[in-house]
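Structural overview
The residues making up each chain are set out below.
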Amino acid sequence: MTRYKNIELDDRLIGVIRHMNAVEEYREVLQGLQAVWDNLTLLGQMSGVGTDMNSSRQAFNLLTSTLLNQLGGEILKKSVMEMIAKAQVAIDILVRNLFERTADIGFLATDEDVRQFVLAMAEKNNDFHHINKLRAQRASILVRFGEYVQKYSVYSDIVVMDTSGKVLVRLDDSVVVERSNDPLVVEALTTQAAYVETYREHDLLPGQTTLGYSFRVTGDNGQPIGVLFLCFRFENEMESIFGNLVSQDDWSVITLIDDTGRVVASSDAYHIPLGARMEPVLDADYRIVRFGGLEYLATTRPTQGYQGYMGTGWFGHVMLPVQHAFNKDSSDMLRDVEPEVLATMMGSPSLFGDALRSIPAQAESILADVNRSVWNGHVRLGSANQSVDPYFSKILLREISNTGGKTKDVFERSIANLHETVVSAILQDSPFLASLAIDIMDRNLYERANDCRWWALTSDFRSLLTDGQVDEEGTKCLSDILWGINDLYTVYTNLILFDAEGRIVAVSNQDEARLVGKTLTEEWVGRVLALSDSQSYAVSAFNATPLYGGRYTYIYGAAVRAPGRNTVVGGVGIVFDSELQFSAMLRDALPRAENGEAVIGAFAVFVDRSGRVIACSDETYTPGSWLCVDTHYLSLEAGESRTGVVRHNGRYYTIGARMSAGYREFNNTADSSYRNDVIAQVFLPLCDAVEQEQGDLDARVIIQSDRGTDGETVGIATFHIGGKWFWLRADSVVEAVDPGSMTDISPAFKAGSTFVGYFKYRGEIIPLYDVAALVKAKSSLPVGKRQVIIVRRKEGSQLGILADALGEITEIAVSRLRPLPTGMAGGNVMGEAIVSNDINSKTQMVLALVLDIDRIAVSMSTNAAAGAAMAAVLPNGIVRGMENGE
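Because the structure is a prediction, the values reported are computed rather than measured.

Quick look at the overall build of the protein chain
When helices and strands are tallied, the protein chain shows 17 helices and 38 strands. The 886 residues of the protein chain split such that 53% are buried. Expressed as a percentage of contacts within the protein chain between residues at least 6 apart in sequence, the contacts between residues at least 24 apart total 63%. Approximately 39200 Å² of the protein chain is accessible, and the part contributed by carbon and sulfur atoms is 50%.

So this is what it looks like as structure tokens:
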């Protein structure tokens, strides 16, 4: 701990707290009040009214430090957790994308058209016809590469070289490089890995730093005959990733850094430029660093990898200027959360630790102590003139009471701010995770749309289906090709090739070979066969299908066309393994506990607009079932997010929902040929949805005071039990004390009994009673949270009675007291008199009971009959008024 402006402050807040506007505001107000309490404590000691505020002042000082540390700590934690999430998502989303690229290079390098072109270029033949044939092949391969990049738009260039590095053909003819001496050529020819991944300047693209994928092309004997190079649109991809993570009012800069700390991508290159050197923060959640003359919060996250692929060795790294890190307004997140739901959440141990939950109790204790001191001061003034200067003492008590009210207001606002900070941090997690889940899905399904269209261009598919009837040998050839594709792209359970009549001619999954020869009748088949061009595709509705074992899935399809013509001769249908893949996506989007496992009780779903479940992260919901959720979280526009708190199966959850927006050409815009209106919803458990008990009535005494009027008056001390107000003559009250300060030497309290036990008060052992049963009141508070009023009988002995809360000290005219005869109801009446409003008062007639201490003491032996006697003595209207707190 370090002292900061007279406050004991956690070391981690030094250097950042001055940028936390809310904390600084409360610090200034609380320290101002602290000075007032210091003065009031001194004046109280001088006044002789007996208001010792020293313990309250010390508790106030301690709570001020605790409150500011907790609030500052939660604000810091909220900002850091948001930074960590962004850094993690930035690197993991990229790694998922690059994983697909590692499959692409391996598959395209085995493409038969590419192989035949490289083999033809290797022939030493200067014959005129051969040269023309090569030109035709070159033109054909360029068209094919153009088709590829139209579909897999993540690439900007495709280059084919021979084994010496000579460029045989490239898609981007604006770059003129005849031969490559880049080491990647040799590496691609000799590597034992399935691909070569390089990020640097390549001589194939002079003056540019590019991310490329290379692999060898082999001949019929398996020997290398050339090298294929794919240039990935890295900057374009990072713009898309950053665009989803950084909002307009966001000051954070998201970067990717390599293992040396060099920035390879930045969401704001003017702020954190490419090539700048950062210090990775891998041994802590965050660190305060300097860059460009400013202080930043910085965090670094390594990738979690995807299916064993760990990417390029880069890290997600986020920098946030300290002066802009802590003052984001999150009030909108809590706007639609019902107050009773928030109240339930505030008391949850799973959300708020002991330190946080103890703060309201500490504040309540301080305020109760202040109220008790003021009450006691007024009691002393009302019962006897013990003050040297009654006028000064009354002003002092009024000022203490006013300062207590101001303190209560500041505590309530600061504690509410603390709670809102914690809850808003939880609320911001769920929509962020929902955005991650739907982004993963959109990107995944983009690849599926690309796959079916590209595979439909396979030359053997086109030629064999054009020939007409496919024989057994043709089926084997086609099935082998499909199997080879499926072996590389494992997200499918089956790849199906069918002719123009919808008859299946080949499958990749040999366990499904029985399908060959059968005709497909599902409606998506007709749409596939009616597609107009090679860029178009069709997708089945998300339904149960026999092609997926009767389970729910999507099937993507594209038309196969005759070579050199646009005639449709069949189609490719790819059966997506949705059950496995979607649930894995959702699990990857769930928040993690410290042990790396998903947070217990959290779950996520993909649903359509009607609430029908597409997938669930666990077995809570099965595909095709229905999720009962407010339509507010279903009626979203493309890319729109919502968050809130919902009640689900007896628990409160924060829900984050986001509608799919698509990725690149696979999008949900109005002019898109295919809309995939899927909503990701992430549910994070908050607490059990227990009903909040109604607290005791917190009303004020509404009996009109007669202070300052003519005639004899009597001092009245007020308190309430179970929402009912009661009165005592001020001259019978000694003082109110905190039950926590009592020495209980003979506990005997049982629920419903009147005798609580004996306790030591100022050296005297006196009894303590709970008179609730005697006066027909019910208190829900435990003894430790109630007030103890020390009263004196006429003969001089003292006893204590329990009250829920203390009211005001007032004066009323003696003429308004209506004495109750001692012998009424067999002597079991607990009051000495009833008080009413002045008959001239314009307020409603209210009756209240002035308790008689001697009668209470005598009746303890017969308390069972006292409640009934009270009901018999007082008219029904009076009882009702008392029960309503009047």
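Still more ground to cover, so stick around.
Quick notes on the side chain of Asp92
Structurally, the position occupied by Asp92 is in helix H2 (residues 54-108). Of the side chains with opposite charge, Arg96 lies nearest to the buried Asp92, which makes no salt bridge, at 7.1 Å. Side-chain polar atoms of Asp92 contact the side chain of Gln304, separated by 2.7 Å. Look past the residues within four positions of Asp92 in its chain and what remains in contact with it is Thr303, Gln304 and Gly305.

Looking at helix H3 (residues 112-122)
By the burial criterion, the buried members of H3 are Val114, Arg115, Phe117, Val118 and Ala120. Its buried side turned inward, H3 meets H2, helix H4 (128-151), strand E3 (155-161), strand E4 (167-170), strand E6 (209-218) and strand E7 (224-232). N-cap assignment for H3: the residue whose side-chain oxygen lies 3.1 Å from the backbone N of Asp113 is Asp111.

Regarding the sheet that holds strand E23 (residues 651-659)
Adjacent strands of a sheet pair through backbone hydrogen bonds, lying either parallel or antiparallel. Across the sheet, which stays open at both edges, the 5 strands sit in the order E21-E20-E26-E23-E22 with antiparallel pairing between neighbours. Edge positions in the open sheet fall to strand E21 (613-616) and strand E22 (641-648), since each of these has one partner strand only. Here the strands of the sheet are splayed against their neighbours by 25 degrees on average, with no regard to which way each runs. Relative to E23, E22 runs antiparallel, the two sharing 8 bridges. Within E23, the position partnered with Gly644 by the bridge is Ile655. Packing against the sheet, helix H14 (residues 578-589) makes contact with strand E20 (603-607) and E21, and its axis sits at approximately 60 degrees to E21.

Considerations on the environment of Glu640
With respect to the secondary-structure elements, Glu640 resides in the loop between E21 and E22. Look past the residues within four positions of Glu640 in its chain and what remains in contact with it is Ser635, Ala657, Arg658 and Met659.

Notes on the sheet that holds E4
Spatially, 5 strands are ordered E4-E3-E7-E6-E5 in an open sheet, and the strand pairing comes out antiparallel. If you trace the sheet from one side to the other, it starts and ends with E4 and strand E5 (196-201), each paired once. Put simply, the sheet's adjacent strands are angled 25 degrees from each other on average, direction ignored. Note: E5 against E6, 6 bridges, orientation antiparallel. Bridge pairing links Glu197 to Tyr213 in E6. Set on the sheet, helix H5 (residues 183-190) makes contact with E3, E5, E6 and E7; between it and E7 the angle comes to about 120 degrees.

Quick notes on the layout of surface pockets
In this structure, the second largest pocket occupies an estimated 1700 Å³ of space. Asp429, Pro591, Arg592, Ala593 and Val599 are, among the 49 residues lining the second largest pocket, the residues nearest its centre. Of all elements in the fold, only H2, strand E11 (294-302), helix H10 (390-455), H14 and strand E26 (679-688) reach the threshold of two or more residues within the lining of the second largest pocket. With 12 residues, H2 is the largest single contributor of residues to the lining of the second largest pocket. Its residues assigned to classes, the lining of the second largest pocket shows 29 nonpolar, 8 polar and 12 charged.

Digging into empty space enclosed by the protein
Within this structure, the stated rule accounts for 3 cavities of 30 Å³ or more. Looking at the largest cavity, its volume works out to about 140 Å³. Taken together, Ile93, Arg96, Asn97, Glu100, Tyr306, Ile440, Arg443, Asn444, Glu447 and Tyr663 form the lining of the largest cavity. Elements that contribute at least two residues to the lining of the largest cavity include exactly H2 and H10.

Focus on the pattern of salt bridges
Taken as a whole and assessed by the stated rule, the structure comprises 40 salt bridges. Of the charged contacts, one joins Glu28 and Arg27 as a salt bridge, the two residues approaching to 3.8 Å between their closest N and O atoms. Through salt bridges that share partners, Glu237, Asp439, Arg443 and Arg664 make up one connected network.

Overview of the environment of Leu94
Mapping Leu94 onto the fold places it in helix H2. Here the alpha-carbon distance between Leu94 and Gly305, two residues 211 residues apart in the chain, equals 10.0 Å. Filtering out sequence-adjacent residues up to four positions away, Leu94 remains in contact with Phe234, Glu237, Met238, Ile241, Leu256 and Trp314.

Some remarks on the side chain of Asp852
For Asp852, the location among the structural elements is in the loop between strand E38 (847-851) and helix H15 (853-859). At 2.9 Å, the side chain of Asp852 forms a polar contact with the backbone nitrogen of Asp854. In terms of polar contacts, Asp852 uses its side chain to reach the backbone amide nitrogen of Arg855, at 3.1 Å. When neighbours within four sequence positions are excluded, Asp852 is seen to be in contact with Met830, Gly831 and Glu832.

Considering the packing of H3 against H4
In the contact formed by H3 and H4, the axes pass within 10 Å of each other and the chain directions differ by 150 degrees. On the basis of their axis angle, the class for H3 and H4 is roughly antiparallel. As for the relative orientation of H3 and H4, their crossing is left-handed in sense. Together, Asp113, Val114, Gln116, Phe117, Ala120 and Met121 of H3 and His130, Leu134, Gln137, Arg138, Ile141, Arg144 and Phe145 of H4 make up the contact between the two elements.

Structural notes on the environment of Arg816
Topologically, Arg816 is positioned in the loop between strand E35 (805-813) and strand E36 (817-819). Taking relative accessible area as the criterion, Arg816 reaches 6% and is therefore assigned buried. Here the alpha-carbon distance between Arg816 and Val835, two residues 19 residues apart in the chain, equals 5.8 Å.

Topic: the pairing of E7
Within E7, 8 of the 9 residues are buried, which leaves it mostly tucked inside the rest of the structure. Where E3 and E7 come together, 6 bridges link them in antiparallel fashion. Along E7, the bridge assignment pairs Tyr155 with Phe232. In this structure, E6 lies alongside E7, joined through 8 bridges in antiparallel fashion. Across the sheet, the residue bridging to Thr218 is Pro224, located in E7. Taking the residues that link successive antiparallel strands as the turn, the E6-E7 hairpin has 5 residues, and the phi of Gly222 there is positive, at about 85 degrees.

Some thoughts on H14
Every α-helix carries 3.6 residues per turn, so stepping three or four residues along brings you back to the same face. Over its 12 residues, H14 runs 16 Å from end to end, which matches the ideal 16 Å to within 8%, given 1.5 Å per residue. Residues of H14 that are buried: Ser578, Gln581, Phe582, Ser583, Met585, Leu586 and Ala589.

Re the confidence of the model for the protein chain
Residue-level pLDDT values for the protein chain average 84, and 87% of them are 70 or greater. Counting contacts from residues 694-702, a segment whose pLDDT is below 50, to residues more than four positions away or on other chains yields 21 contacts. Taken together, the stretch residues 863-886 has pLDDT below 50 and engages in 39 contacts with residues farther than four places along the chain or on a different chain.

Examining unusual backbone geometry
For Gln307, which is not glycine, the phi dihedral falls at a positive 50 degrees. Residue position: Gln307 is located in the loop between E11 and strand E12 (315-321). Of note, Arg762 is a non-glycine position whose phi angle comes to about 50 degrees, a positive value. Tracing the chain through its elements places Arg762 in the loop between strand E31 (755-761) and strand E32 (764-769).

A look at the packing of aromatic side chains
Applying the stated rule across the entire model yields 30 aromatic pairs. Between Trp455 and Tyr489, the ring centres sit 5.2 Å apart and the planes meet at 70 degrees, which makes this aromatic pair edge-to-face. Within this pair, whereas Trp455 is found in helix H10, its partner Tyr489 is found in the loop between helix H12 (472-488) and strand E13 (492-499), the two being separated by 34 residues in sequence. The pair formed by Trp455 and Tyr489 is uniform in burial state, with each residue classed as buried. Centre to centre, the rings of Phe498 and Trp524 are 6.0 Å apart; their planes meet at 75 degrees, and the pair counts as edge-to-face. With Phe498 in strand E13 and Trp524 in helix H13 (residues 523-529), this residue pair connects regions lying 26 residues apart in the sequence.

Definitions and cut-offs
- Every chain is numbered on its own, with residues counted from 1 as its sequence reads.
- At least 70 in pLDDT is required for a residue's local features to be given in this predicted model, at least 80 for side-chain atom pairs to be given and counted, and no such filter applies to totals for whole chains, interfaces and linings, which use all residues.
- Side-chain metrics in this entry use all non-hydrogen atoms of the structure; hydrogen atoms and water are not considered.
- The helix and strand labels rest on DSSP assignments: H or I over at least four residues marks a helix, E over at least two residues marks a strand, and numbering proceeds from the N terminus.
- Only protein chains enter the accessibility calculation, which uses a 1.4 Å probe; a residue is then buried when its area is under 20% of its type maximum, exposed when over 50%, and partly exposed in between.
- Residue contacts are defined here by distance: any two heavy atoms, one from each residue, within 4.5 Å place the two residues in contact.
- In short, Shrake-Rupley with a 1.4 Å probe defines the accessible areas, and a residue's cover is counted only from the protein chains shown.
- Charge assignment in this entry is limited to Lys and Arg as positive and Asp and Glu as negative, and neither His nor the chain termini are counted.
- Every case where a carboxyl oxygen of Asp or Glu lies within 4 Å of a side-chain nitrogen of Lys or Arg is listed as a salt bridge.
- Within 3.5 Å is the distance limit for a polar contact, defined as a pair of N or O atoms, with the added protein rule that one can donate a hydrogen and the other accept it, and that residues adjacent in sequence qualify only through two side-chain atoms.
- Here, any two strands with at least 2 DSSP bridges between them count as paired.
- Helix axes are fitted to C-alpha atoms over the stretch in contact, other axes to C-alpha atoms as well, and angles between N-to-C directions run from 0 to 180 degrees.
- The rule is simple: put a 1 Å grid over the protein atoms alone, call a set of points where a 1.4 Å probe fits but cannot get out a cavity, call an open set with protein on both sides within 12 Å along at least five of seven lines a pocket, and count a residue as lining if it has an atom within 4 Å of a point.
- Grid points are joined across faces, edges and corners, and a volume is the space filled by probe spheres set on the points.
- In this count, Pro and Cys sit with the nonpolar residues alongside Ala, Val, Leu, Ile, Met, Phe, Trp and Tyr, while Asp, Glu, Lys and Arg are called charged and the others, Gly among them, polar.
- Should an angle fall under 35 degrees it is called roughly parallel, over 145 degrees roughly antiparallel, and 65 to 115 degrees roughly perpendicular, with every other angle called oblique.
- A clockwise turn of the near helix away from the far one marks a right-handed crossing, whereas an anticlockwise turn of less than a right angle marks a left-handed crossing.
- The length a helix should cover is 1.5 Å for every residue beyond the first.
- The pLDDT value expresses, per residue, how confident the predictor is, ranging between 0 and 100.
- Side-chain rings of Phe, Tyr and Trp, where Trp is taken by its six-membered ring, are said to pair if the distance between their centres is within 6.5 Å; with planes under 30 degrees apart they count as stacked, over 60 as edge-to-face, and otherwise as tilted.

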